[in-house]
Amino acid sequence: MLRSFSIKRHGIPLLALAMLGFASWSVASKYRPRVVTSPPIAAPTSPYDDDVAGSGIVEPASEVIALATERGGVVDRIDVVAGDLVKAGQPLFSIDDRNYRAAVSQDEATVASAIASIAAIDQNLILQQAAIDQARANLEGAEAERTRATLDLARYTHLVQDAWATHQRFETATADADKANANVAAAKAALASAQQQNNVLLTQRKDAEAKLDQAKAVLDGARVDLDKTVTKAPIDGAILKVNVRLGEYASAGVLPNPLMTMGSIDPLHVRVDVDEAEAWRVRPDSPAIARLRGNSRIVGRLSFVRFEPYVLPKRSLTDDTTERVDTRVLQVIYAFNPSEFPVFVGQQVDVFIRAPKRADAMQNPTAGPTAFRSMVPGQTLHSQRETPFPQAAANGDRL
């Protein structure tokens with residue numbers, strides 16, 4: 001016997017079956033078979049059987065130089081833009097120097113006044129020397145007159161005793177002798193006074209010379225302050241970034257965002273971070289290559305420059321699950337010819353360094369003393385860092 005249709009017993013299951021069928025059809029209609037495609041950028045590969053890989057960053061041979069100004073002020077002139085090649089000593093930018101120029105002008109006037117004072121004293125010395133010569137001549141005349149008067153007195157003394165001369169004439173001769181002696185004393189006093197005045201002038205001249213030296217020193221300091229308003233290139237190189245604009249206030253000292261950066265770009269260097277677990281296998285004479293990120297077919301040959309002896313904590317993390325945050329890296333510096341490897345300063349590259357097998361490397365592992373070298377007498381730090389590329393490339397002629 002047929003049972004009657006019930007919504008609860010028959011409708012709900014039928015609705016559930018209909019909804020299940022619709023869901024299956026919806027999923028099936030949206031399903032697209034997955035197409036396996038090759039990655040747009042191939043992963044970089046090493047040309048060596050055994051190697052040590054690391055991430056490198058391109059930097060100038062001189063490293064990045066953060067330029068600053070020694071005197072804070074409003075920027076009134078900018079002579080370069082990013083990308084300009086400059087020579088050592090070339091002006092890059094300057095601040096408002098009106099106050100410094102006024103100080104220089106004032107100090108130049110002080111120096112001129114001191115020079116004029118010395119010239120006036122020199123003129124007085126010439127006049128005083130003439131006065132000394134005149135006083136000396138007067139003294140000689142007075143002494144000659146005294147000699148004559150003394151001889152006359154002696155002669156009239158004998159004549160008056162023998163009554164050949166009058167007593168009055170004897171008294172006159174005596175008075176002439178006394179007068180001559182007084183004239184000699186006065187001439188000596190005048191000569192001494194003139195010489196004393198000359199010594200006073202000489203002392204004044206020394207004091208004026210000291211003041212002139214002091215004024216010149218102040219003027220030199222003012223000129224140095226004026227020169228420091230212009231920031232100049234410390235070396236030959238290229239301007240990498242300009243962070244200062246006309247009319248902005250440039251603060252003196254070290255800034256978190258440098259006013260301008262530059263560096264030597266021929267050759268360029270690559271600073272490679274080598275994991276401390278692999279650092280003992282890196283050899284200074286081993287060839288190395290760098291591959292450009294984004295196009296691993298662009299390859300640059302590298303030549304060893306130096307080790308940075310201090311092992312640093314790793315700063316750039318790759319989010320790999322096997323990577324520890326306490327990893328430390330040894331930084332190795334390599335050089336390359338920028339005309340053969342087209343990269344920008346600051347760009348990252350993948351570096352592969354040929355290394356000996358682990359068993360062979362165990363016999364002579366690379367250690368800290370390898371990174372140290374003696375300075376050649378007369379060699380500057382800058383010339384030591386900038387290894388000439390043709391010589392440095394000798395180690396990188398082969399892959």
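What you see is a predicted model, and the numbers here were worked out from it, not measured in a lab.

Procedures and definitions
Residues numbered from 1 in each chain as written. Predicted model: local features only at pLDDT ≥ 70, side-chain atom pairs only at ≥ 80, totals over all residues. Heavy atoms only, no water. Helix = DSSP H or I, 4+ residues; strand = E, 2+ residues; numbered from the N terminus. Core = buried A, V, L, I, M, F, W, Y, C linked by side-chain atoms within 4.5 Å. Buried < 20%, exposed > 50% of the residue type's maximum accessible area, 1.4 Å probe, protein only. Contact = heavy atoms within 4.5 Å. 1 Å grid on protein atoms, 1.4 Å probe; cavity = no way out; pocket = protein on both sides within 12 Å on 5 of 7 lines; lining within 4 Å. Points joined across faces, edges and corners; volume = space filled by probe spheres on them. Nonpolar A, V, L, I, M, F, W, Y, C, P; charged D, E, K, R; others polar.

## Brief notes about unusual backbone geometry
The peptide bond linking D266 to P267 adopts the cis configuration, its omega dihedral lying at 5 degrees. Non-glycine residue E63 carries a positive phi angle of around 65 degrees. Its place among the elements puts E63 in the loop between β1 (51-60) and β2 (65-67).

## Quick look at the nonpolar core
Within the largest apolar cluster, 24 residues are counted, with the highest numbers of intra-cluster contacts made by V270, L302, Y334, F336, V349 and V351. Taken together, the elements giving at least two residues each to this core come down to β1, β10 (268-275), β11 (288-292), β12 (295-313), β13 (328-336) and β14 (348-354). If sequence neighbours within four positions are ignored, Y334 has contacts with L268, H269, V270, V272, V282, A288, L302, S303, F304, V305 and I353. The next biggest cluster of nonpolar side chains, apart from the first, holds 16 residues, and it includes L67, V75, L92 and F93.

## As for the layout of surface pockets
When its volume is computed, the second largest pocket comes out at roughly 260 Å³. Elements represented by at least two residues in the lining of the second largest pocket include exactly β1, β10, β12 and β13. With 3 residues, the top contributor of residues to the lining of the second largest pocket is β1. Class assignment of the residues belonging to the lining of the second largest pocket gives a composition of 4 nonpolar, 5 polar and 4 charged.

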